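Read off the chains here:
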Protein chains: 2
Amino acid sequence: MTRAIVLFGHGSRDPLWRAPMDAVAARIAQRSPAVVVRCAFLELAQPDLGTSVRDLVAAGTTQVTIVPMFLGAGRHVREDLPVLVEALRRDHPALDIALMAPVGEHPLVLDLLSEIACPR
Amino acid sequence: MTRAIVLFGHGSRDPLWRAPMDAVAARIAQRSPAVVVRCAFLELAQPDLGTSVRDLVAAGTTQVTIVPMFLGAGRHVREDLPVLVEALRRDHPALDIALMAPVGEHPLVLDLLSEIACPR
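We now turn to the structure provided with this report. (Residues numbered from 1 in each chain as written. Chains lettered and ligands numbered in written order. Predicted model: local features only at pLDDT ≥ 70, side-chain atom pairs only at ≥ 80, totals over all residues. Heavy atoms only, no water.)

Formed by 46 residues in total, the largest nonpolar core has its most connected members in L7 and M69 of chain A together with L7 and M69 of chain B. Of all the elements in the fold, those that place two or more residues in this core are strand 1 (3-9), helix 1 (19-31), strand 2 (36-41) and helix 4 (107-117) of chain A together with strand 1 (3-9), helix 1 (19-31), strand 2 (36-41) and helix 4 (107-117) of chain B. With sequence-adjacent residues up to four places away left out, L7 of chain A is seen in contact with M21, V24, A25, I28, V37, R38, C39, A40, V67 and M69 of chain A together with A117 of chain B. (Core = buried A, V, L, I, M, F, W, Y, C linked by side-chain atoms within 4.5 Å. Buried < 20%, exposed > 50% of the residue type's maximum accessible area, 1.4 Å probe, protein only. Helix = DSSP H or I, 4+ residues; strand = E, 2+ residues; numbered from the N terminus. Contact = heavy atoms within 4.5 Å.)

With that settled, the discussion passes to the sheet that holds strand 1 of chain A. Residue and element names in this part refer to chain A. Strand order in this open sheet of four strands is 2-1-3-4, and the pairing throughout is parallel. Every other strand in the sheet has two partners, leaving strand 2 and strand 4 (96-99) as the edge strands with one partner each. The mean angle between the axes of side-by-side strands here comes to 20 degrees, regardless of whether they run parallel or antiparallel. Of the pairings in the sheet, the one linking strand 1 to strand 3 (residues 63-68) comprises six bridges and is parallel in character. Among the inter-strand pairings, R3 is bridged to a residue of strand 3, identified as Q63. Each of strand 1, strand 2 and strand 3 is contacted by helix 2 (residues 49-58), which is oriented at about 155 degrees to strand 2, the strand it contacts most. Running at roughly 170 degrees to strand 4, helix 3 (residues 75-91) makes contact with strand 1, strand 3 and strand 4 of the sheet. (Pairing = 2+ DSSP bridges. Axes fitted to C-alpha atoms, helices over the stretch in contact; angles between N-to-C directions.)

Residues and elements named next belong to chain A. Enumeration according to the criterion identifies four aromatic pairs over all chains in this entry. Taking 6.0 Å as the distance between ring centres and 40 degrees as the angle between the ring planes, the aromatic pair formed by F8 and F70 counts as tilted. One end of the pair, F8, is in strand 1; the other, F70, is in the loop between strand 3 and helix 3, and 62 residues separate them in sequence. The same class applies to F8 as to F70, namely buried. With a centroid separation of 6.3 Å and 65 degrees between ring planes, the pair formed by W17 and F41 is classed as edge-to-face. Here the residue W17 occupies a position in the loop between strand 1 and helix 1, and F41 occupies one in strand 2, the gap between them amounting to 24 residues. (Phe/Tyr/Trp six-rings, centres within 6.5 Å; stacked < 30°, edge-to-face > 60°.)

Moving on: the interface of chain B and chain A. Across the boundary between the two partners, chain B contributes 41 residues, which contact 41 residues of chain A. Together chain B and chain A conceal approximately 3600 Å² of surface at their shared face, both sides included; 69% is due to carbon and sulfur atoms. The interface formed by chain B and chain A includes six salt bridges. Residue D14 of chain B is joined to R78 of chain A by a salt bridge in which the shortest nitrogen-to-oxygen separation is 2.1 Å. Between the two partners, chain B and chain A, sit ten residue pairs in polar contact (both at pLDDT 80 or more). Residue contributions to the side of chain B that touches chain A peak at eleven residues, all from helix 4 of chain B. (Buried area = accessible area lost by both parts, 1.4 Å probe. Salt bridge = Lys/Arg side-chain N within 4 Å of Asp/Glu carboxyl O. Polar contact = N/O pair within 3.5 Å; in protein donor to acceptor, adjacent residues only side chain to side chain.)

We now examine the packing of helix 2 of chain A against helix 3 of chain A. Residue and element names in this part refer to chain A. Where helix 2 contacts helix 3, the axes come no closer than 10 Å and their chain directions differ by 30 degrees. Compared by their axis directions, helix 2 and helix 3 come out roughly parallel. Here helix 2 runs over helix 3; the crossing is right-handed. Residues L49, G50 and V53 of helix 2 pack against L81, L84 and L88 of helix 3. Counted by class, the contact of helix 2 with helix 3 contains five nonpolar, one polar and no charged residues. (Parallel < 35°, antiparallel > 145°, perpendicular 65-115°, else oblique. Left-handed = near helix turned anticlockwise from the far one by under 90°. Nonpolar A, V, L, I, M, F, W, Y, C, P; charged D, E, K, R; others polar.)

Structure below.
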């Protein structure tokens, strides 16, 4: 099994916007070199999710975890992303696809953000 | 001194989008009841930053910390927000305003997101 992680973000015309996503990807790559890590975007930046996953499958990935890098869980995460993942499952029936909850709903993220915003 | 924290997010038409911001505000309010916490938005949701800060000042706030709740540090954070803060400083010369870096640039956030995306 070749495992991959796709950090999926909104995207922006501003090339600096993705710096935190790239920084997360770099941390994972450094710590877990056996895991393939990619960033993909909903709009305004490349690659999109379909292209990213197609390239991963072509390179031998058999299991991919999609991590929505969204603090706010709006329509992009609740509606657009499931449609994209459904299309991925149709296009790559042999690929094991796991879709995580958006990072902004993770209790540890909420705890950390509250500590950063208001240190004790 | 009456201290306040404004969690400043992008905003969305989707009312569920702000749930993580509200959850962070609730954690701070529970842990540090002496601190006033508000959410404010750049667009598509209310209140905007100017309204939020005006209301805080009217209620006696003398020091406010603005926390950009953005994972990606694009133009909204690097260009739009400084203009808004400059206007706040002009409108409220007696108010002590601290502008934090966007949460997505905080090393602990990057570490945590990498752990969530790829558990050891």
